[in-house]
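# Inside the fold
Below, each chain spelled out in residue letters.
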2 protein chains.
Amino acid sequence: MNVELITIGDELLLGFTIDTNAAHLARTLASIGVSIVRRATVGDDAAEIAQAVREALDRTGAVITTGGLGPTSDDRTRPAIAELFGRDLVPDEERWDALCALWRERGRGEIPLSNRGQIMIPRGATVLTNRHGTAPGIWLEDEGGRWCAMLPGVPREMRGMLADELLPRLQGRFDAAFTVVRSRTIRTTGIAESKLADVLGPLASGVDGLSLAYLPGQEGVDLRLTSRGRGGIEADEALNQAASQLRELISRYAYGEDGTDLAATILQACEARALHIAVAESCTGGLLGARLTAIPGSSSVVLGGVIAYSNDVKRGVLGVQQETLDAHGAVSEQVAIEMAAGVRRLVGAEVGMSITGVAGPGGGTADKPVGLVWIGVDVQGTVRTHGSRFIGDRAEIRFRSTQAALDILRRML
Amino acid sequence: MNVELITIGDELLLGFTIDTNAAHLARTLASIGVSIVRRATVGDDAAEIAQAVREALDRTGAVITTGGLGPTSDDRTRPAIAELFGRDLVPDEERWDALCALWRERGRGEIPLSNRGQIMIPRGATVLTNRHGTAPGIWLEDEGGRWCAMLPGVPREMRGMLADELLPRLQGRFDAAFTVVRSRTIRTTGIAESKLADVLGPLASGVDGLSLAYLPGQEGVDLRLTSRGRGGIEADEALNQAASQLRELISRYAYGEDGTDLAATILQACEARALHIAVAESCTGGLLGARLTAIPGSSSVVLGGVIAYSNDVKRGVLGVQQETLDAHGAVSEQVAIEMAAGVRRLVGAEVGMSITGVAGPGGGTADKPVGLVWIGVDVQGTVRTHGSRFIGDRAEIRFRSTQAALDILRRML
């Protein structure tokens, strides 16, 4: 049930790369009842890799590594662990032919010889197929049943190999019934963490033996309920019940569960009502459009929009009146209203969404400080506006503006 | 010179939150010669927190924690470590008044009482001011000089407190001369990791005693040179020299150093030539505009653009010809050319950039598979186009499209 995780790479140790693999592995393994009981990070050094894996094998007998399988000279995982298991490396010529074919198919010309390192496989190892890249993964096991699974460090490749190759293998190996950890996350936006706790009152620290965590982020505060030690069905029931209890108290702020993106919620609601969206963005410069169109299938709802960064574009393309700009300035409720109406008209959409603001760090005045943002949402002529002063840096102010705009539309639908 | 890092939170242990703080801390501390020699992650449990901190104090005597300082019941760092140091918690009423004032100033009404937990300070501790949030940090030190610095878990707050409060304190404490780790990163795009190694030849595994790491990401491959053990001036000289050697070999692919964003490079080059940019985006839906306008000061170069997600918008707003759409389809070189020219005309910009493609996962055909993207860049009537088949998921295909578009413009300037 327990495994240790060793993430490999100078870039991790020195902090040049953020370790997203550890989180993904922990979450995915927990869902089948496998716990990561210890996590270590070592650099691209054969001796350090071997030592860390040896210690973990001695303690837990089950090790997953990520990283160090690439074609370049700083990739040392394969030889280091092969030596630890007392295996030599043998070339897998079939794999080489496949690699050459893949390279040609992608139109990248002759494959560099430095890729040959990737087909050197420890004798007796099982290859874990990489459907998303060129570095194969490796499963090595000794006579005593102690094992080490080597996954690549590139997140997309690691995730694919975990799902395709490692999870089925582990599920076959473990009886995963009795330490199931299950969670349910309720996503909220437009309310502070401490205020949420106040609204939840006696449920603020947990519901019915389930723990409750507050995870603030730029999208809002996620509430995570976690069940430990219950069986799978019992856990799901408890989570369902607790989630409904919480949602009842905070329905105004809750927009979805688990990984739901607010943009996806909006697209579903619009599709159900046959509404199409057009966006008019000033300070966010396309970010709202980018968030909406990040969702697969968004083309049935999103028609397009205008990035009206300069006032000329606000006037010339969106039809914002010069007098409105003169009287109220570009960052104003009135301009937000005209932008939303203008883009609806231009694109021929039922819904127009506009954002105009001061994202900073420069450009703020006493009257219109950095963080001031006006949002307009026009649904078939019904207009709602919202002025906020967001805190944070440029990226946060921009992101929060898109989140607020989406939330206004959500409440209107 | 050595410290241990303990990151606190169920969400980290279970992988619900990605630990970006560890990387930022490692990198920032390394720059002043302080090494994180061990990293541990524990959950929101007072006993576990206390045990991890006790062990680290015994080993290294210097501990930084992140997380668990918030106002809610799952935030247990402060009481756990106070007890470990044998200190009781006393309310800091001055801080409470300041917190109430801040809350009012932001127009958020009466402050919830649950925030009072945040002003309970261990007796004799030094408060580390939080300019970006409500949770103060804490510095606790015992008679033997062993210390623990508690920072918040929210990245923006942690980073601010690290820069404002902890770094100056540590710099005063350590003589940081002799274990300096310095790095220089050369950013490349449009070339695969293994091909880069081939081009670099004998320099592929390091230059002049400096290690060379290959860090592939969706922006391209970063090459990181690292100097260890040299003095500061000597390290900088060696890095400068090695970086020029590498750049000479890969000048076609190298667009900048260290944290440079390709979009920022483009904006500088355009500003120097008094060129203004307009974007016309189909499958990227605003992402190119969002990337360009993410850079502070971009308004002097970026005028705006059109998100032409539907064909109606391509025709009606950008002036793409119906015949062109009929003859070649929306994802074609010809449509990319007309989009770039159309947005230049509409917005009145010297530079028009267009992207049209199949981002997937649906919508691909044998003829126009998922990942096929056409890019057009029109600089004052000089047009360059580029057709690619990008690999990856929807988000990667979209991001890589924007990166390729920016790179085409970079090479044209």
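Treat the numbers as computed from the prediction; the structure is a model and nothing was measured. (Residues numbered from 1 in each chain as written. Chains lettered and ligands numbered in written order. Predicted model: local features only at pLDDT ≥ 70, side-chain atom pairs only at ≥ 80, totals over all residues. Heavy atoms only, no water.)

On to the overall build of chain A. Check the secondary structure of chain A and you find 14 helices and 18 strands. Dimensions of chain A, computed from C-alpha atoms along their principal axes, come out at roughly 80 × 60 × 40 Å. In chain A, buried positions account for 57% of the 413 residues. Partitioning the contacts of chain A with sequence separation of at least 6, the portion at a separation of at least 24 is 67%. Accessible surface, chain A: about 16,100 Å² in total, of which carbon and sulfur atoms supply 48%. Averaged over its 43 positive side-chain charges, chain A has a centre that lies 3 Å from the centre of its 51 negative ones. (Helix = DSSP H or I, 4+ residues; strand = E, 2+ residues; numbered from the N terminus. Buried < 20%, exposed > 50% of the residue type's maximum accessible area, 1.4 Å probe, protein only. Contact = heavy atoms within 4.5 Å. Areas by Shrake-Rupley, 256 points an atom, 1.4 Å probe, with all protein chains shown as cover. Lys, Arg positive; Asp, Glu negative; His and termini not counted. Charge placed at Lys NZ, Arg CZ, Asp CG, Glu CD.)

Attention now goes to the sheet that holds strand 6 (residues 126–128) of chain A. Residues and elements named next belong to chain A. In space, the six strands of this open sheet follow the order 2-1-3-8-7-6, with mixed pairing throughout. Edge strands, defined here as strands with exactly one partner in the open sheet, are strand 2 (35–42) and strand 6. The mean angle between the axes of side-by-side strands here comes to 20°, regardless of whether they run parallel or antiparallel. Inspection of the sheet shows strand 6 paired to strand 7 (residues 137–141) by three bridges, in the antiparallel sense. Counterpart to Val127 in the pairing with strand 7 is Ile138. Strands strand 1 (2–8), strand 3 (62–66), strand 7 and strand 8 (147–151) of the sheet are contacted by helix 4 (residues 77–84), whose axis makes an angle of about 170° with strand 8. Against the sheet, helix 6 (residues 155–173) contacts strand 3, strand 6, strand 7 and strand 8, and its axis sits at roughly 160° relative to strand 8. (Pairing = 2+ DSSP bridges. Axes fitted to C-alpha atoms, helices over the stretch in contact; angles between N-to-C directions.)

In this section: the interface of chain A and chain B. Each partner contributes to the interface: chain A provides 83 residues, whereas chain B provides 83 residues. Together, the buried faces of chain A and chain B total about 6,100 Å²; carbon and sulfur atoms form 58% of this surface. Across the chain A-chain B interface, the total number found is two salt bridges. In terms of residue count, the dominant contributor to the side of chain A that touches chain B is strand 15 (residues 302–308) of chain A (seven residues). Split into classes, the residues belonging to the side of chain A that touches chain B amount to 39 nonpolar, 23 polar and 21 charged. (Buried area = accessible area lost by both parts, 1.4 Å probe. Salt bridge = Lys/Arg side-chain N within 4 Å of Asp/Glu carboxyl O. Nonpolar A, V, L, I, M, F, W, Y, C, P; charged D, E, K, R; others polar.)

Tallied over the full model, the rule gives 36 salt bridges over all chains. Here Glu165 of chain B and Arg131 of chain B are joined by a salt bridge, their closest N and O atoms 3.9 Å apart. Taken as a pair, Glu165 of chain B in helix 6 (residues 155–173) and Arg131 of chain B in the loop between strand 6 (126–128) and strand 7 (137–141) lie far apart in primary sequence, 34 residues in all. Residue Arg131 of chain B is classed as exposed on the basis of its relative accessible area, which comes to 52%. The salt bridge involving Asp261 of chain B is made with Arg291 of chain B; its shortest N-O contact spans 3.3 Å. Of the two residues, Asp261 of chain B is situated in the loop between strand 13 (254–257) and helix 9 (262–272) and Arg291 of chain B in helix 10 (residues 287–293); the sequence distance between them amounts to 30 residues. In this structure Arg291 of chain B comes out as buried when scored by relative accessible area, which is 9%. Taken together, the shared-partner salt bridges in this structure form one network comprising Asp58, Asp142 and Arg146 of chain A.

The next point concerns the domain arrangement of chain A. Under the domain assignment, chain A is made up of domain 1 (2–173), domain 2 (181–257) and domain 3 (262–412). Put simply, the middle of domain 1 of chain A and the middle of domain 2 of chain A, counted by C-alpha atoms, are 36 Å apart. (Domains from an automatic or database assignment.)

Okay, the relation of the copies chain A and chain B next. A rotation about some axis, followed by a shift along it, carries one copy of the chain onto the other. Between chain A and chain B, which share one sequence, the superposing operator has a rotation angle of 180° and an axial displacement of 0.0 Å; the RMSD is 0.0 Å. Such a turn and shift between the copies fits a two-fold axis. A shared interface surface links the copies, since 100% of the contact residues of chain A are contact residues in chain B too. (Least-squares fit on C-alpha atoms with pLDDT ≥ 70 in both.)

Within this structure, the stated rule accounts for two aromatic pairs over all chains. Seen in terms of ring centroids, Trp139 of chain A and Trp147 of chain A are 4.5 Å apart; in terms of plane orientation they differ by 15°. Their pairing is stacked. Here Trp139 of chain A matches Trp147 of chain A in class, with each residue buried. Taking the ring centre of Trp139 of chain A as reference, the NZ or CZ of Arg169 of chain A above it sits at 4.9 Å. Stacked on the ring of Trp96 of chain B, the Lys or Arg Arg116 of chain B has its end atom at 5.2 Å from the ring centre. (Phe/Tyr/Trp six-rings, centres within 6.5 Å; stacked < 30°, edge-to-face > 60°. Lys NZ or Arg CZ within 6 Å of the ring centre and 35° of its normal.)

What follows concerns helix 8 (residues 232–249) of chain A. Residue and element names in this part refer to chain A. With 18 residues, helix 8 should reach 26 Å at 1.5 Å per residue; the first-to-last C-alpha distance of 26 Å fits that figure. Of the residues making up helix 8, those classed as buried are Gly232, Ala235, Ala238, Leu239, Ala242, Ala243 and Leu246. For helix 8, the buried positions fall inside an angular range of 130° around the axis, keeping them on one side. Along helix 8, the residues that are exposed and aim more than 90 degrees away from the buried face are Ile233, Glu237, Gln241 and Glu248. If you follow the buried residues of helix 8, they end up packed against strand 9 (181–188), helix 7 (193–200), strand 10 (206–207), strand 11 (210–217), strand 12 (220–228) and strand 13 (254–257). (Expected span 1.5 Å × (residues − 1). Arc of directions from axis to C-beta.)

Bringing the sheet that holds strand 10 (residues 206–207) of chain B into the picture now. Adjacent strands of a sheet pair through backbone hydrogen bonds, lying either parallel or antiparallel. Residue and element names in this part refer to chain B. Spatial ordering of the open sheet is given by 10-11-12-9-13, a layout of five strands whose pairing is antiparallel. Edge positions in the sheet fall to strand 10 and strand 13, since each of these pairs with one other strand and no more. Sheet topology note: the strand 10/strand 11 (residues 210–217) ladder contains two bridges and is antiparallel. What sits directly across from Val207, in strand 11, is Leu210.

Quick look at the pairing of strand 16 (residues 351–357) of chain B now. Residue and element names in this part refer to chain B. Burial analysis of strand 16 places seven of its seven residues in the buried class, which makes it a mostly covered element. Of the two faces of strand 16, the one carrying Val351, Met353, Ile355 and Gly357 and the one carrying Gly352, Ser354 and Thr356 are both buried. Pairing of strand 14 (residues 277–281) with strand 16, which is carried by five bridges, proceeds in the parallel orientation. Within strand 16, the position partnered with Ile277 by the bridge is Val351.

Before going further, it helps to spend a moment on the side chain of Arg398 of chain A. Here Arg398 of chain A is to be found in helix 14 (residues 394–412). Buried and unpaired, Arg398 of chain A has Glu281 of chain A as its nearest opposite-charge partner, separated by 7.2 Å.

With respect to the helices and strands, the residue Gly289 of chain A is situated in helix 10 (residues 287–293). As a C-alpha pair, Gly289 of chain A and Val306 of chain A span 17 residues in sequence and 9.2 Å in three-dimensional space. With sequence-adjacent residues up to four places away left out, Gly289 of chain A is seen in contact with Val279 and Glu281 of chain A together with Gly285 and Ile307 of chain B.

A word on the packing of helix 2 (residues 20–30) of chain A against helix 6 of chain A. All names here are of chain A. Two elements in contact, helix 2 and helix 6, have axes whose closest approach is 11 Å; the angle formed by their N-to-C orientations is 25°. Our classification of the angle between helix 2 and helix 6 gives roughly parallel. In terms of crossing hand, the pair formed by helix 2 and helix 6 is right-handed. On helix 6, the residues touching Thr20, Asn21, His24, Leu25, Thr28 and Leu29 of helix 2 are Pro155, Met158, Arg159, Leu162, Leu167 and Leu170. Residue classes in the contact of helix 2 with helix 6 are distributed as seven nonpolar, four polar and one charged. (Parallel < 35°, antiparallel > 145°, perpendicular 65-115°, else oblique. Left-handed = near helix turned anticlockwise from the far one by under 90°.)

With that out of the way, let us pick up the side chain of Asp378 of chain B. Residues and elements named next belong to chain B. With respect to the helices, strands and loops of the structure, Asp378 is situated in strand 17 (residues 372–379). Of the residues examined, Asp378 reaches a relative accessible area of 5% and is grouped as buried. Side-chain polar atoms of Asp378 contact the side chain of Arg344, separated by 2.9 Å. Apart from residues lying up to four places away in sequence, Asp378 is in contact with Ala340, Ala341, Arg344, Glu350, Val351, Gly352 and Val383. (Polar contact = N/O pair within 3.5 Å; in protein donor to acceptor, adjacent residues only side chain to side chain.)

Before going further, it helps to examine the nonpolar core. Counting residues in each nonpolar core, the largest one holds 68 residues, and the members touching the most others are Ile277 of chain A together with Ile277 of chain B. Apart from the residues within four sequence positions on either side, Ile277 of chain A is in contact with Ile266, Cys270, Leu292, Val301, Val302, Leu303, Gly304, Ala349, Val351, Met353 and Leu409 of chain A. Formed by 31 residues, the second largest nonpolar core is a distinct cluster that contains Met339, Val343 and Val347 of chain A together with Ala278 of chain B. (Core = buried A, V, L, I, M, F, W, Y, C linked by side-chain atoms within 4.5 Å.)

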